[in-house]
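Read off the chains here:
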Amino acid sequence: MSKYYKMIDQMHMPKEQYEQLKEELGRQAGKKRNITPIWQRYAVAAALALCLIGTTVTVYAAVHSHWFQMFFDNGNQESALMEEIALKASTETVEAQDGNYKFTVINHVYSKDQQMGLILCSFQFLQEQHTHLDIWNQAQEEEVILKKNGVMPAKDFQERNTDKAERSLYFMISGNPDKMRVSRNMSYYSGELAEDGGYLIGIRYSVSQEDATEQELVLSLENAGDINDKLKVVLPKSADIACRRFVSERKQEDFIDISPLGMTLTLTDDKDNYQKTQGVYDLMDLEDLKVVVDGQTKTVEDIVGEGGAAGSIIDETDTTYTWYVQQEFTKLLDVSQIDYIELNGEKYVK
């Protein structure tokens, strides 16, 4: 029976459910000990454990999909997709702390093919400082200021902080500096507190780095005077968010990877098209993108919402650029239902 106790010790579940499972396993082990074959007792215990594991997974998805809704405008209408994302999330918590601040990564979801991710974390001011966190309140749809003593609208804070005496903190995601091309992120406040009493916030990010699958990503709190590197953590691994690839019918080297988190485009184009903006991808080109889902055409506005975008050069010849473009989604989309994608008159197919 000890192996079953060991197995549940490695599970991530609420404390009450953990104790319930251990109690039931103990009860089953002692029940009819003299007449029940040992293999039958273990079979009952294993079946019970599997049943409770299933319950734990369901509870986890239900709770954490609520948290992940802060990243998507239609999250409450797409509960199945939300639960799918939540179930991919890491369950290992990691924390960073100095004398003034503490943050704990609760969950992390990552698409390694797209180098995009979502982070849920708790953030606390441990000491009253002349600092604040400027963040978007998704529930109230306004920019707010987080401080140790509470939350206030950003407009009110700006009227008070006219001398700019307070520093603005911000989170940053980084990897190997020699491999990193682009890193961008946006933070959201859920309007709730985490279990440890900290502000529950979400961070949506995208990075562009070489050899991305081999690189660790680090979350750090910046502008906090962290000279001893105490306010940094390596993001825990998550199950990969799968994406689907659509390849250009005209140029096989061009393709689009798409998942519920967003899409990444690998595109080759003539340098002559960028004489005015040399080395800078024109993100306005994405406005012409169309996604055909079950025979119905959705524009980029229908699926992107307020998601950010960025582009970087990953290869260059005398006459061409090869771009790596990332477009985040703030509206959930079932990518398994996509028929094909159109961009600048070209068709991308599975």
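Residues numbered from 1 in each chain as written. Predicted model: local features only at pLDDT ≥ 70, side-chain atom pairs only at ≥ 80, totals over all residues. Heavy atoms only, no water.

1. A look at the confidence of the model for the chain
Note the cut-off: One number per residue, pLDDT, summarises how confident the predictor is, and it ranges from 0 to 100. Pairs of residues are marked as contacts when any of their non-hydrogen atoms sit within 4.5 Å.
For the chain, the average pLDDT comes to 82, and 78% of its residues sit at 70 or higher. Per-residue pLDDT stays below 50 along residues 1-14; that stretch engages in 27 contacts with residues further than four places along the chain or on separate chains. Taken as a whole, residues 31-36 scores under 50 in pLDDT and shows 4 contacts with residues more than four places along the chain or in a different chain.

2. Considering the pairing of strand β3 (residues 116-125)
In plain terms, the rule: Using a 1.4 Å probe on the protein chains alone, a residue whose accessible area is under 20% of its type maximum counts as buried, one over 50% counts as exposed, and one in between counts as partly exposed. The way it works is that DSSP assigns letters per residue, a run of H or I at least four long becomes a helix, a run of E at least two long becomes a strand, and they are numbered from the N terminus. The pairing criterion is simple: DSSP has to find at least two bridges between the two strands.
Of all 10 residues that make up β3, 10 are buried, and the element is covered over most of its length. Of the two faces of β3, the one lined by M116, L118, L120, S122 and Q124 and the one lined by G117, I119, C121, F123 and F125 are each fully buried. Across 10 bridges, strand β2 (residues 101-111) lies against β3 in antiparallel orientation. Its bridge partner lying in β3, N107 is registered against L120. Summarising the sheet, β3 and strand β9 (residues 199-209) pair through 8 bridges and their orientation is antiparallel. What sits directly across from C121, in β9, is I201.

3. Side note on the packing of aromatic side chains
Inclusion rule: Pairing of aromatic side chains requires ring centres within 6.5 Å, counting the rings of Phe and Tyr and the six-membered ring of Trp. Pairs whose planes differ by under 30 degrees are stacked, by over 60 edge-to-face, and all others tilted. Comment: the charge-over-ring label is applied if NZ (Lys) or CZ (Arg) is within 6 Å of the ring centre and within 35 degrees of the ring normal.
All told, the structure shown has 11 aromatic pairs when counted by the stated rule. A centroid spacing of 6.1 Å and a plane angle of 35° characterise the contact between F68 and F71, whose relative ring orientation is tilted. Each ring, one from F71 and one from Y188, has its centre 5.6 Å from the other, and the planes form 80°; the classification is edge-to-face. Pair noted here: F71 is in the loop between α3 (38-68) and α4 (79-88) and Y188 is in strand β8 (residues 180-193), with a separation of 117 residues, a long-range link. Of the residues examined, F71 reaches a relative accessible area of 0% and is grouped as buried. Put simply, the rings of Y101, F103, F123, F125 and F171 touch in pairs and so form one group of aromatic residues. The ring of F255 is capped by R245, whose NZ or CZ atom sits 3.8 Å from the centre of that ring.

4. Some words on the pattern of salt bridges
Just so we agree on the cut-off: A pair is scored as a salt bridge if a Lys or Arg side-chain nitrogen falls within 4 Å of a carboxyl oxygen belonging to Asp or Glu.
With the rule as written, the count across this model stands at 8 salt bridges. Linking K102 and E95 is a salt bridge whose minimum nitrogen-to-oxygen distance equals 3.8 Å. Assessed through its relative accessible area of 17%, K102 is described here as buried. Judged by its relative accessible area of 47%, E95 is partly exposed. The salt bridge involving D254 is made with K251; its shortest N-O contact spans 3.2 Å. D254 gets classed as buried once you look at its relative accessible area, which sits at 1%. A relative accessible area of 17% means that K251 is categorised as buried.

5. Here's the deal with the sheet that holds strand β14 (residues 262-270)
Heads up, the condition is: Here an axis means a line fitted to C-alpha atoms, over the contact stretch when the element is a helix, while the angle between two N-to-C directions is reported on a 0 to 180 degree scale.
With antiparallel pairing, the 9 strands of this open sheet are ordered in space as β16-β15-β19-β20-β12-β13-β14-β18-β17. Bordering the open sheet on either side are β16 (296-299) and β17 (309-316), each of which pairs with just one other strand. On average, each strand axis in the sheet is tilted by 25° relative to the strand beside it, whichever way the strands run. With 5 bridges connecting them, strand β13 (residues 255-259) and β14 associate as antiparallel partners. Residue pairing in the sheet places I258 in a bridge with M263 of β14.

6. Concerning unusual backbone geometry
Its identity is not glycine, yet N223 carries a phi of approximately 65°, on the positive side. Mapped onto the elements of the fold, N223 is located in the loop between β10 (218-222) and β11 (232-234). Looking at N223, the relative accessible area reads 37%, which means it is partly exposed. In the Ramachandran plot, N344 falls in the positive-phi region, its phi being about 50° despite a non-glycine side chain. Locating N344 in the fold gives a position in the loop between β19 (338-343) and β20 (346-349).

7. Brief notes about the side chain of T320
Quick note on the threshold: Polar contacts, as counted here, are pairs of nitrogen or oxygen atoms within 3.5 Å of one another; within protein the pair requires one atom able to donate a hydrogen and one able to accept it, and residues that are adjacent in sequence qualify only if both atoms are side-chain atoms.
Here T320 shows up in strand β18 (residues 320-328). Owing to a relative accessible area of 16%, T320 belongs among the buried residues under this scheme. A polar contact is formed between the side chain of T320 and the side chain of T317, at a distance of 2.7 Å. T320 has contacts with T268, D269, D270, K271 and D315, leaving out every residue within four places of it along the chain.

8. Here we look at the pairing of β19
For strand β15 (residues 290-293) and β19, the ladder comprises 4 bridges, and the chain directions are antiparallel. Bridged to V293 within β19 is I338. Note that β19 and β20 share 4 bridges and pair antiparallel. When the sheet's bridge partners are listed, I341 is paired in β20 with Y348. Hairpin connection from β19 to β20: 2 residues lie between these consecutive antiparallel strands, with N344 at a positive phi of about 50°.

9. Considerations on α4
Going by this rule: Directions drawn from the helix axis to the C-beta atoms are what define this arc.
Of all the positions in α4, only L81, M82, I85 and A86 are classed as buried. Within α4, the buried residues cover an arc of 140° as seen down the axis, which keeps them to one side.

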